[in-house]
Amino acid sequence: MVKYTTKYFGEISIDETSDFEFIELVYKNKEIIISLHECNIYGNKLKVCLEIIDKYEEIDKIAKKAIVENFSKNKIIEDYFRCHFDELEEEKIIEIFGMKDFEFFDIEKTVGKFGYPNFLFGIDDGEINLSVDYMISKEYSDQILCVKMDEELNVTGYSHES
C-alpha cells in the first residue's frame, strides 16, 4: 500500500498489488473518481500517476481547451454532444444546453458548464495513459466524453463511452 499526499485531495492510498484501484475523492465539494487499471503492473510508473494527479487543475484546463478547439474538427466530440440532442427530451435539452436546436450549440459555453473530470489511468507498453472523463449531465445521461492523454499530458485522442 502506497500512501501519498496529493496537492488537491489530501492523502490517498493505492494498493500497488491490485488489479484495479477505485478512489473516491472530493474536489471543491464535488465528488470525483480516480481509477487505476492494472496498477499491479505499473511498477515505478505509479509515481508518474501520482505526479499527474497533482496536476489535476492543469489537466482539466488542457482537456477542456482541447475539446473546444477540436469540436468542429473531430467527429467523436461533435457526436458526443449531438447524441444528447437526439436522445433527451426537449425540456432536458433546454435545461442542459440553454437551447433546443443543435444548430445553435455553443461549445465554449457548454464546456464551461462541465463539472470536474474523473481520471482513469492505464498502462500500455510501459507508458501511462490517462483518460480525462467528462459528463454533460450525471442526472440525465450516462454518456462520457473522454480526452485521452499520454504521460506528458499531450492529447492523443478522444472517445465517447457510456
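Each chain has its residues counted from 1, following the order in which its sequence is written. Residues qualify for local features only when their pLDDT is at least 70, as the model is predicted, and side-chain atom pairs are given and counted only at 80 or more; totals for whole chains, interfaces and linings, by contrast, use all residues. Only heavy atoms go into the side-chain values, all of them from the structure, while hydrogens and water stay out.

## Focus: a nonpolar patch on the surface
So, point 1. Here the term patch refers to residues with relative accessible area over 30% and no salt bridge, with like charges joined within 9 Å and nonpolar side chains (Val, Leu, Ile, Met, Phe, Trp, Tyr) within 5 Å. With residues, only the protein chains shown are counted as cover, and all accessible areas are computed by Shrake-Rupley using a 1.4 Å probe. Salt bridges, as used here, are contacts in which a Lys or Arg side-chain nitrogen is within 4 Å of a carboxyl oxygen on Asp or Glu. Together, F20, F22 and L120 line one region of the surface with nonpolar side chains, adding up to about 270 Å² of accessible area.
So, point 2. Here F22 is to be found in strand 3 (residues 20-27). In DSSP terms, a helix is any run of H or I states spanning at least four residues, a strand is any run of E spanning at least two, and both are numbered starting from the N terminus.

## Structural notes on unusual backbone geometry
So, point 1. Phi at K28 takes a positive value of approximately 50°, unusual for a residue other than glycine.
So, point 2. With respect to the element layout, K28 can be found in the loop between strand 3 and strand 4 (30-37).
So, point 3. Relative accessible area decides the class of each residue, using a 1.4 Å probe on protein chains only: under 20% of the type maximum gives buried, over 50% gives exposed, and in between gives partly exposed. Relative accessible area serves as the criterion here: at 52%, K28 is assigned to the exposed category.

## Considerations on the pattern of salt bridges
Side-chain pairs of opposite charge can arise whenever the charged atoms involved come near each other.
So, point 1. The full count for this structure, using the stated rule, is ten salt bridges.
So, point 2. K64 is paired through a salt bridge with D60; the nearest N and O atoms lie 3.4 Å apart. Of the two residues, K64 and D60 both sit in helix 2 (residues 56-70), four residues apart, roughly one turn of that helix. Across the pair, D60 and K64 agree in class, each one buried.
So, point 3. The closest approach of N and O atoms between D79 and K75, which form a salt bridge, is 3.1 Å. With D79 and K75 both in helix 3 (residues 75-87) and four residues apart, this pair spans about one turn of that helix.
So, point 4. Three or more residues are tied together by salt bridges with common partners; here these are K45, E127 and E151.

## Section: the pairing of strand 1 (residues 2-6)
So, point 1. As paired elements, strand 1 and strand 2 (residues 10-14) share five bridges and run antiparallel to each other. Along strand 2, the bridge assignment pairs Y4 with I12.
So, point 2. Strand pairing is defined by DSSP finding a minimum of two bridges between the two strands. Between the end of strand 1 and the start of strand 2, which pair antiparallel, lie three residues.

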